[in-house]
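Tertiary structure, described
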Amino acid sequence: YPVEGPIRTPEDIKTYVPPDPEAPDLLGELPEVVKRFKGKKAVCAICRDGFFNPSFLRGQETFLMDMIDHPKLVHELIDVALSYDLRVAERMIQAGVDVVVLGDDYADKNSPMMSPRHFAEFILPGLQRAVDNAHQAGAYVVKHSDGNIMPLMDMIVATGIDAINPLEPPAGMDIGYVKQHYGDRIAIVGNIDCGELLCNAPVEEVRRVTRETIEVAAPGGGFCLSSSNSIHSSVKPENYMAMVETLREYGEYPLK
């Protein structure tokens, strides 16, 4: 992660030039991935909305304080970042991406990193633009954020996202509550803990939690089981396989 951004003073925004979203090498190996998997698997790409890239331009702590000290600058940073990010997402979708995952994290395990009021003022409009942009280009949208985003959920769901991810259990993200209150509007992707559970718990505990999660979140459809973030290097292979095998045994619709 960047430890220092190029916008060190509010005046620097006047001379900052973002990267070229039309750069010929921007898509990397995406065309090869699309050629191999299109029509067989959902082709996904992680893109950005209104928080991560603007905050990296300034430094995240400074960016958050700017919401109070320099609100005009925050809006300018978001606009300049989206001038790049939205076009990148369009190009990815045109190249064959089916699902855009908006990967900006808004929270830690305790709460969002900004108040709901500041989220609504600064971040939400950029998120809405990113959601609308992806939909207009022809892709589904999964909104990803680690941490406890419950104070922001009503606003996030109202943008028209197709799914929410990853519903982190140690952050208090109750998948049953999310299913009950939002499951008629969005799909739910999560929420097997990739910390203590997948790293250290006994295999039988992983199987039990996975089955209970399926029983809570899958009825009525709209559930995709996954870890609460990723399959990282500390995850025990046997625990990962226990999650996958339990999903294969109990998670196929119609539910067993």
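Our structure's up above, just so we're on the same page.
To start, this report covers the structure provided alongside it.

Reading the values: the criteria
Residues numbered from 1 in each chain as written. Predicted model: local features only at pLDDT ≥ 70, side-chain atom pairs only at ≥ 80, totals over all residues. Heavy atoms only, no water. Axes fitted to C-alpha atoms, helices over the stretch in contact; angles between N-to-C directions. Helix = DSSP H or I, 4+ residues; strand = E, 2+ residues; numbered from the N terminus. Parallel < 35°, antiparallel > 145°, perpendicular 65-115°, else oblique. Contact = heavy atoms within 4.5 Å. Salt bridge = Lys/Arg side-chain N within 4 Å of Asp/Glu carboxyl O. Buried < 20%, exposed > 50% of the residue type's maximum accessible area, 1.4 Å probe, protein only. Pairing = 2+ DSSP bridges. Core = buried A, V, L, I, M, F, W, Y, C linked by side-chain atoms within 4.5 Å.

Observations concerning the packing of helix H3 (residues 60–69) against helix H4 (residues 71–94)
Each pair of packed helices can be described by the angle between their axes along with the distance between the axes. For the pair H3 and H4, interaxial distance at closest approach is 6 Å and the crossing angle is 130 degrees. Here H4 runs oblique to H3, going by the angle between their axes. Residues Phe-63, Asp-66, Met-67, Ile-68 and Asp-69 of H3 form the contact with H4, whose participating residues are Pro-71, Leu-73, Val-74, Leu-77 and Ile-78.

Notes on the pattern of salt bridges
In the structure shown here, the tally under the stated rule is 16 salt bridges. For Lys-38, the salt bridge identified is with Asp-98, shortest N-O distance 2.4 Å. On the criterion of sequence distance, the pair formed by Lys-38 in the loop between helix H1 (30–37) and strand E1 (44–47) and Asp-98 in the loop between H4 and strand E2 (99–102) is long-range, its members being 60 residues apart. Accessibility expressed as a relative area gives 39% for Lys-38, which makes it partly exposed. Among the charged side chains, a salt-bridge network with shared partners connects Glu-22, Arg-87 and Glu-90.

Structural notes on the sheet that holds strand E6 (residues 223–227)
The six strands are arranged E1-E2-E3-E4-E5-E6 in an open sheet whose pairing can be described as parallel. The open sheet has two free edges, formed respectively by E1 and E6, since each of these has just one partner strand. Adjacent strand axes in the sheet meet at a mean angle of 25 degrees when their direction is disregarded. Where strand E5 (residues 187–192) and E6 come together, five bridges link them in parallel fashion. Opposite Val-189, over in E6, you have Cys-224 as the bridge partner. Relative to the sheet, helix H7 (residues 175–182) contacts strand E4 (163–165), E5 and E6, its axis offset from that of E5 by approximately 175 degrees.

Brief notes about the nonpolar core
Tyr-106, Phe-119, Ile-123, Ile-156 and Ile-164 are the most contacted members of the largest nonpolar core, which has 72 residues in total. The greatest single-element share of this core, amounting to eleven residues, is contributed by H4. Once residues lying within four places of it in the same chain are set aside, the contact partners of Ile-156 are Tyr-106, Phe-119, Leu-127, Lys-143, Ile-149, Ile-161 and Ile-164. In this structure, Val-99, Val-101, Val-142 and Val-189 belong to the second largest nonpolar core, which totals five residues.

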